[in-house]
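So the chains spell out like this:
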Amino acid sequence: MITCLAGGVGAARLLEGLDKIVDEHGEELTVIVNTGDDEEFFGLHVSPDIDIITYTLAGIVERERGWGIRGDTFACLDMLARLGCETWFKLGDRDMAIHIYRTWRLRDGATLSQVTAEIAAKLGVRHKIIPMSDDPVKTHIKTPAGLLPFQRYFVERGASDEVLDVVYVGSDRARPASGVIESILGAEGVIICPSNPIVSIGTILAVPGVREALRKTSGKVLAISPIIGGATVKGPADRMMRGLGIEVSAAGVAELYKDFLNIYVMDAQDAELREKVQSMGVDVHITNTLMRSLEDKKRLAQTCLELLGL
Ligand code: GDP
Ligand code: CA
């Protein structure tokens, strides 16, 4: 078993590649997903990162955007707009059905893990997708305009505010969902996807017990840098790191993971950081890490499995 820690779009790129090649290696994937971005819209429980990963592994994701369902329409949201509702968070009609189902099942007493597994199975996902916790954890961004829930900062305001701090509300009381710790401890290899190190991976690491499990697991832990040449491919990770006083580089991300990291995959553009990361006691592998085509995704996934000896 290979266990992956994942946020949304960045993680999904690698996971699509892994999905295509793990069979040949006789391996199964377990994906532990960030839920700090979860938000309620129109009374519905929306789990953006779980949905991105589920739609990607089900082969129905809208490829250009990296989120939502391919070919989806927005009639429901249009009508909500006519009713005067805020519609800055784009929810497609088919996507909306997923949120209705999730909310309905949660009200029935199901856990988020159970609903996530049900949706994945019904959409034909062959891998295990587990939310990091069934307990609510809410990522809030402290900005000069005040403390903003993550989606308000990220989507409504376009990540334009200066980041003063990031708070994971509820993380101290959150319990890892069933299977989270077990899948890390029992993994032959762990992959930290190229996701935002603060608000995707950082949130998962803030769940009590996860970091310890990563330190303890006998499987090797590998991470792919989401920072290439001192900047993000997409998203606000670089600005967030700067705001938090973290070096904005592939080495800065390695610093956040070094207590549990065995292997670090960095982009060829960052080759000069090799020694700096090696001095943290981490093995470094340098390759092209930008995933544009399916071939790029499969190649990087293959490299990861080889580095893990799988
Ligand atoms: P989100 O939850 O949808 O914001 O996505 P993630 O947290 O999973 O991923 C965001 C991170 O993925 C950003 O820091 C990007 O720089 C990184 N990323 C996106 N695409 C790529 C890629 O092709 N290669 C690498 N190395 N990083 C990527
Ligand atoms: Ca996210």
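From a predicted model like this one, the values you see are computed outputs, not experimental measurements.

## Focus on the coordination of the calcium ion (ligand 2)
In a perfect tetrahedron of four donors around a metal, the angles come out at 109.5 degrees. In a perfect octahedron of six, they are 90 or 180 degrees.
Phase 1 of the analysis: Around the calcium ion (ligand 2), the donor atoms from the protein are D37 (OD), D49 (OD) and D49 (OD), and they sit 2.1 to 2.6 Å away. Linking D37 in the loop between strand 2 (29-33) and strand 3 (39-41) with D49 in helix 2 (residues 48-57), this pair joins segments that are twelve residues apart in sequence. Assigned by exposure class, D37 and D49 land together as buried.

## Remarks on the pattern of salt bridges
Phase 1 of the analysis: Under the definition given, this model contains 19 salt bridges.
Phase 2 of the analysis: One salt bridge connects K20 with D19, and the closest N-O pair in it is separated by 3.8 Å.
Phase 3 of the analysis: By relative accessible area, K20 is classed as partly exposed at 40%.
Phase 4 of the analysis: Residue R211 is joined to D259 by a salt bridge in which the shortest nitrogen-to-oxygen separation is 2.8 Å. With R211 in helix 9 (residues 210-216) and D259 in the loop between helix 11 (250-257) and strand 13 (263-267), this pair connects stretches of sequence that are 48 residues apart.
Phase 5 of the analysis: Through salt bridges that share partners, D19, K20, D23 and R126 make up one connected network.

## Focus on the site of ligand 1
Phase 1 of the analysis: Neighbouring ligand 1 are 21 residues, the closest being S195, S200, P226, V233 and T289.
Phase 2 of the analysis: Within the contact set of ligand 1, an oxygen atom lies 3.2 Å away from a side-chain nitrogen or oxygen of D49.
Phase 3 of the analysis: Take P226: an N or O atom from its main chain is 2.7 Å from an oxygen atom of ligand 1.
Phase 4 of the analysis: Against a free-state accessible area of 590 Å², the protein chains account for coverage of 93% of ligand 1.
Phase 5 of the analysis: Counting atoms within 2 Å of the grid points, the majority share of ligand 1 lands in the largest pocket.
Phase 6 of the analysis: Top element by residues in the shell around ligand 1 is helix 1 (residues 9-21). It accounts for four residues.
Phase 7 of the analysis: When the residues that make up the shell around ligand 1 are grouped by side-chain class, the tally is nine nonpolar, nine polar and three charged.

## Brief notes about the side chain of E62
Phase 1 of the analysis: Mapped onto the elements, E62 comes out in the loop between helix 2 and helix 3 (75-82).
Phase 2 of the analysis: Buried within the structure, E62 lacks any salt-bridge partner; R65 is the closest side chain of opposite charge, at an N-O distance of 4.7 Å.
Phase 3 of the analysis: Dropping the residues within four chain positions of it, E62 is found in contact with W67, G68, I69, R70 and G71.

## Here's the deal with the packing of aromatic side chains
Phase 1 of the analysis: Under the defined criterion, the tally for this structure stands at seven aromatic pairs.
Phase 2 of the analysis: Taking 6.2 Å as the distance between ring centres and 50 degrees as the angle between the ring planes, the aromatic pair formed by F150 and Y153 counts as tilted. With a gap of three residues between them, F150 and Y153 both fall in helix 6 (residues 150-156), about one helical turn apart.
Phase 3 of the analysis: Using a relative accessible area of 4% as the deciding quantity, one classes F150 as buried.
Phase 4 of the analysis: Taken together, the ring pairs in this structure connect F41, W88 and F89 into an aromatic cluster.
Phase 5 of the analysis: One cation-aromatic arrangement involves R65 over W67; the distance from NZ or CZ to the ring centre is 4.2 Å.

## Describing the nonpolar core
Phase 1 of the analysis: If you look at the biggest cluster of nonpolar residues, it comprises 50 residues, and the most contacted ones within it are L5, I192, L214, Y257 and Y264.
Phase 2 of the analysis: It is helix 11 that contributes the most residues to this core, five residues altogether.
Phase 3 of the analysis: When near neighbours in sequence (up to four residues on either side) are disregarded, L214 contacts L5, I184, V190, I192, L205, V221 and F260.
Phase 4 of the analysis: The next biggest cluster of nonpolar side chains, apart from the first, holds 34 residues, and it includes I21, I50, M291 and L308.

## Some details on helix 4 (residues 93-107)
Phase 1 of the analysis: When the terminal C-alpha atoms of helix 4 are compared, their 21 Å separation across 15 residues agrees well with the 21 Å that a helix rising 1.5 Å per residue should span.
Phase 2 of the analysis: Within two residues after helix 4, G109 carries a phi angle of roughly 105 degrees, on the positive side.

## Observations concerning unusual backbone geometry
Phase 1 of the analysis: Positive phi, normally seen in glycine, also occurs at F42, with a value near 55 degrees.
Phase 2 of the analysis: Here the phi dihedral of A159 falls at roughly 50 degrees; this positive angle occurs in a residue that is not glycine.
Phase 3 of the analysis: Tracing the backbone shows A159 in the loop between helix 6 and strand 8 (165-169).
Phase 4 of the analysis: Judged by its relative accessible area of 5%, A159 falls in the buried class.

## Quick word on the layout of surface pockets
Phase 1 of the analysis: Roughly 880 Å³ of volume is contained in the largest pocket.
Phase 2 of the analysis: Around the largest pocket, the lining comprises 42 residues; the ones closest to its centre are G8, V9, I52, F154 and K234.
Phase 3 of the analysis: Counting only elements with at least two residues in the lining of the largest pocket, the list comes to helix 1, helix 2, helix 4 and helix 6.
Phase 4 of the analysis: Top contributing element to the lining of the largest pocket by residue count: helix 2, with five residues.
Phase 5 of the analysis: Of the residues belonging to the lining of the largest pocket, the class tally is 22 nonpolar, 13 polar and seven charged.
Phase 6 of the analysis: Put simply, the second largest pocket is a space of about 300 Å³.
Phase 7 of the analysis: Along its surface, the second largest pocket is lined by 14 residues, and R13, R63, E64, G66 and K297 are the ones closest to its centre.
Phase 8 of the analysis: Tallying contributions element by element places helix 1 first for the lining of the second largest pocket, with four residues.
Phase 9 of the analysis: A per-class count over the lining of the second largest pocket returns four nonpolar, two polar and eight charged.

Conventions adopted
- Residues numbered from 1 in each chain as written.
- Chains lettered and ligands numbered in written order.
- Predicted model: local features only at pLDDT ≥ 70, side-chain atom pairs only at ≥ 80, totals over all residues.
- Heavy atoms only, no water.
- Donors = N, O, S within 2.8 Å, 3.2 Å for Na, K, Ca; no water.
- Helix = DSSP H or I, 4+ residues; strand = E, 2+ residues; numbered from the N terminus.
- Buried < 20%, exposed > 50% of the residue type's maximum accessible area, 1.4 Å probe, protein only.
- Salt bridge = Lys/Arg side-chain N within 4 Å of Asp/Glu carboxyl O.
- Near = heavy atom within 4 Å.
- Polar contact = N/O pair within 3.5 Å; in protein donor to acceptor, adjacent residues only side chain to side chain.
- Areas by Shrake-Rupley, 256 points an atom, 1.4 Å probe, with all protein chains shown as cover.
- 1 Å grid on protein atoms, 1.4 Å probe; cavity = no way out; pocket = protein on both sides within 12 Å on 5 of 7 lines; lining within 4 Å.
- Sits in = over half its atoms within 2 Å of the grid points.
- Nonpolar A, V, L, I, M, F, W, Y, C, P; charged D, E, K, R; others polar.
- Lys, Arg positive; Asp, Glu negative; His and termini not counted.
- Contact = heavy atoms within 4.5 Å.
- Phe/Tyr/Trp six-rings, centres within 6.5 Å; stacked < 30°, edge-to-face > 60°.
- Lys NZ or Arg CZ within 6 Å of the ring centre and 35° of its normal.
- Core = buried A, V, L, I, M, F, W, Y, C linked by side-chain atoms within 4.5 Å.
- Expected span 1.5 Å × (residues − 1).
- Points joined across faces, edges and corners; volume = space filled by probe spheres on them.

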